[in-house]
Amino acid sequence: MLETSQRLLTLLALLQTRPAWTGAELAERLEVTTRTVRNDIDRLRELGYPVDATRGPAGHYQLGIGAKLPPLLLDDEEAVAVAVGLRTGAGVVGMAESSVRALTKLQQVLPHRLQRQVNAINNAMDQGPENTRSNIDPPEIDTILLSTIAACIRDEHYLRFEYAVPEGASLYKAGSSAGQDLPILVEPYRLVSWHGYWHLVARDEESVWHTYRVDWMSLRMATGRRYQPRPMPDAEYADFVLRDVASAGWKVHARITVHAPAQEVLSRIHAAVGIVESVDDNTSVLITGADSLETIAVYIGMLGLDFHVDGPPALITHLQTVANRYLNATCGASNDRT
């Protein structure tokens, strides 16, 4: 039988996992009597946890809504996931200060082993630009996988893994590493989060830099071997991911003639997500790409400059459709005013 304090934490954890529990179900999970469950429920209420009870044949217990927010009870994976979410949230406009405050409070109450995991991820990660959002949903990421990779970066240990694109999956944000021989052995240096996609920047056995999508990695047994670090400058990891993804991972590539100087175009985009070539003092060419025509249309519309699409033809057709849609919306507004 669990000690009382540990049993109360376990009881609270159970109440958080689903909306309702019967007394008999809780007693069975805790290996106690229903009378002990009732006593433990009373103790939780005394501690400020609003536990509601429903009597009768369908009687059950559930966490209620109270004026006082009780402390959250998180398992290891949940605690790491929340900390990582707060860390990435610190890059969102309007949320930076509150995210940092919440992360600081959470780290103060984490056990030492979880503090090491969270700190390893925080120290090992960068974020890509926030002005290039895609309309493709990002994948789920295993927090234990992130923690393990971050620990190898922290400890300067070689990382061995299998790397495979799931059947039928898009090569969006795949980078240049999709065709490497398996298993892969690398020196890991940085995790880069870019709109929900996580990439590992690493140097392979041939001393060539690559990016790897973390959701496509399956870790092999830890090597325990240390490498002599030869890192990039800190500011270059996120840009490397964007350049590498741009060269191999976009589904759609586009060539745009922009009626503005190259320097003006460069001032309006992130340099890593497009190549700008000068034609003359008033004209330049933007070579860029994305995972869909819709996303490219948004990118070039946000330039705020006159342009001409050189290709692909499908992008021209899509822009004509969008232009007609906007024109019809404008005509409708004009008719309403008259």
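This is a predicted model, so every value here is computed, not measured.

Thresholds applied
- The residue numbering used here restarts from 1 in each chain and proceeds along that chain's sequence as written.
- At least 70 in pLDDT is required for a residue's local features to be given in this predicted model, at least 80 for side-chain atom pairs to be given and counted, and no such filter applies to totals for whole chains, interfaces and linings, which use all residues.
- With hydrogens and water excluded, all non-hydrogen atoms of the structure serve as input to the side-chain values.
- Each helix corresponds to a stretch of at least 4 residues labelled H or I by DSSP, and each strand to a stretch of at least 2 residues labelled E; elements are numbered beginning at the N terminus.
- Each residue's exposure class comes from its accessible area (1.4 Å probe, protein chains only) as a fraction of the maximum for that residue type: buried when under 20%, exposed when over 50%, partly exposed otherwise.
- A 1.4 Å probe and the Shrake-Rupley method give the accessible areas. Residues count as covered only by the protein chains that appear here.
- Strand pairing is defined by DSSP finding a minimum of two bridges between the two strands.
- Fitting a line to C-alpha atoms yields each axis, with helices limited to the stretch in contact; the angle taken between N-to-C directions then spans 0 to 180 degrees.
- An angle below 35 degrees is treated as roughly parallel, one above 145 as roughly antiparallel, one from 65 to 115 as roughly perpendicular, and anything else as oblique.
- Any pair of residues with heavy atoms lying within 4.5 Å of one another is described as a contacting pair.
- Note on residue categories: nonpolar means Ala, Val, Leu, Ile, Met, Phe, Trp, Tyr, Cys or Pro, charged means Asp, Glu, Lys or Arg, and polar means any other residue, Gly included.
- Each aromatic pair joins two rings of Phe, Tyr and Trp (for Trp, the six-membered one) with centres within 6.5 Å, and gets the label stacked for planes under 30 degrees apart, edge-to-face for over 60, and tilted for any other angle.
- The criterion for a charge sitting over a ring is simple: Lys NZ or Arg CZ within 6 Å of the ring centre, and within 35 degrees of the ring normal.
- In the analysis that follows, any N or O atom pair within 3.5 Å is treated as a polar contact, provided that within protein one partner can donate a hydrogen and the other can accept it, and provided that, for residues neighboring in sequence, both atoms belong to side chains.
- Buried residues of nine kinds, namely Ala, Val, Leu, Ile, Met, Phe, Trp, Tyr and Cys, make up a nonpolar core once their side-chain atoms join them within 4.5 Å.

(A) The arrangement of the overall build of the protein in detail. Scanning the protein from terminus to terminus reveals 11 helices and 12 strands. Evaluated residue by residue, the protein yields a buried proportion of 42% over its 338 residues. With the model as given, the accessible surface of the protein reaches about 18,900 Å², and the carbon-plus-sulfur share is 52%.

(B) Expanded view of unusual backbone geometry. Put simply, glycine 311 and proline 312 share a cis peptide bond, and its omega is 5°. Summarising the element assignment, proline 312 is placed in the loop between strand 12 (307-311) and helix 11 (313-337). The backbone phi angle of serine 207 is positive, close to 65°, even though this residue is not glycine. Structurally, serine 207 is set in the loop between strand 6 (197-203) and strand 7 (209-213). Residue serine 207 is classed as partly exposed on the basis of its relative accessible area, which comes to 35%.

(C) Spotlight on the pairing of strand 7. Counting buried positions over the 5 residues of strand 7 gives 5, a clear majority of the element. Every second residue of strand 7 is oriented toward a common face, with Trp209, Thr211 and Arg213 on one face and His210 and Tyr212 on the other, all of them buried. Bridge analysis of strand 6 against strand 7 gives 5 bridges, and the strand direction is antiparallel. Bridge pairing links arginine 203 to tryptophan 209 in strand 7. Between strand 6 and strand 7, which pair antiparallel one after the other, the connecting turn spans 5 residues, and serine 207 there sits at a positive phi close to 65°.

(D) Layout of the packing of helix 6 (residues 112-124) against helix 7 (residues 143-155). Where helix 6 contacts helix 7, the axes come no closer than 8 Å and their chain directions differ by 70°. Classified by the interaxial angle, the pair formed by helix 6 and helix 7 is roughly perpendicular. On the side of helix 6, the interface is formed by Arg116, Gln117, Ala120, Ile121 and Ala124, while helix 7 contributes Leu146, Ser147, Ala150, Ala151, Ile153 and Arg154. Considered class by class, the residues forming the contact of helix 6 with helix 7 number 7 nonpolar, 2 polar and 2 charged.

(E) Quick peek at the packing of aromatic side chains. Within the structure shown, the criterion is met by 8 aromatic pairs. Ring plane angle 90° and centroid distance 5.3 Å describe the contact between tyrosine 163 and tyrosine 212, whose orientation is recorded as edge-to-face. With tyrosine 163 in strand 4 (residues 159-163) and tyrosine 212 in strand 7, the pair connects residues that are 49 residues apart, well separated along the chain. Aromatic rings pair up to connect Tyr158, Tyr189, Trp209, Tyr227 and Tyr237 into one cluster. If you follow arginine 18 out to its NZ or CZ, it ends over the ring of tryptophan 21, 3.7 Å from the centre. Just above the ring of tryptophan 216 sits the side chain of arginine 213; from NZ or CZ to the centre is 3.8 Å.

(F) Just the environment of valine 192, in detail. With respect to the secondary-structure elements, valine 192 resides in strand 5 (residues 184-194). Sequence separation between valine 192 and tyrosine 237 is 45 residues, and the spatial gap between their C-alpha atoms is 7.5 Å. Discounting residues that sit within four places of it in the chain, valine 192 has contacts with Asp126, Gln127, Gly128, Tyr197, Trp198, His199, Val201, Tyr237, Ala238 and Val241.

(G) Region of interest: the side chain of arginine 190. Looking at where arginine 190 falls in the secondary structure, it is placed in strand 5. A polar contact is formed between the side chain of arginine 190 and the side chain of aspartate 234, at a distance of 3.0 Å. Those residues within four positions of arginine 190 in sequence are excluded, and the remaining contacts are Ala124, Met125, Asp126, Ile153, His199, Leu200, Val201, Asp234 and Tyr237.

(H) Layout of the nonpolar core. Ranked by size, the top nonpolar core spans 34 residues in total, and within it Ile149, Leu191, Leu200, Tyr212, Val214 and Met217 carry the most contacts. Going through the elements one at a time, helix 4 (76-89), helix 5 (96-109), helix 6, helix 7, strand 4, strand 5 and strand 6 are the ones with two or more residues in this core. With 6 residues, helix 7 is the single largest residue contributor to this core. The next biggest cluster of nonpolar side chains, apart from the first, holds 19 residues, and it includes Ile256, Ala260, Ala290 and Leu319.

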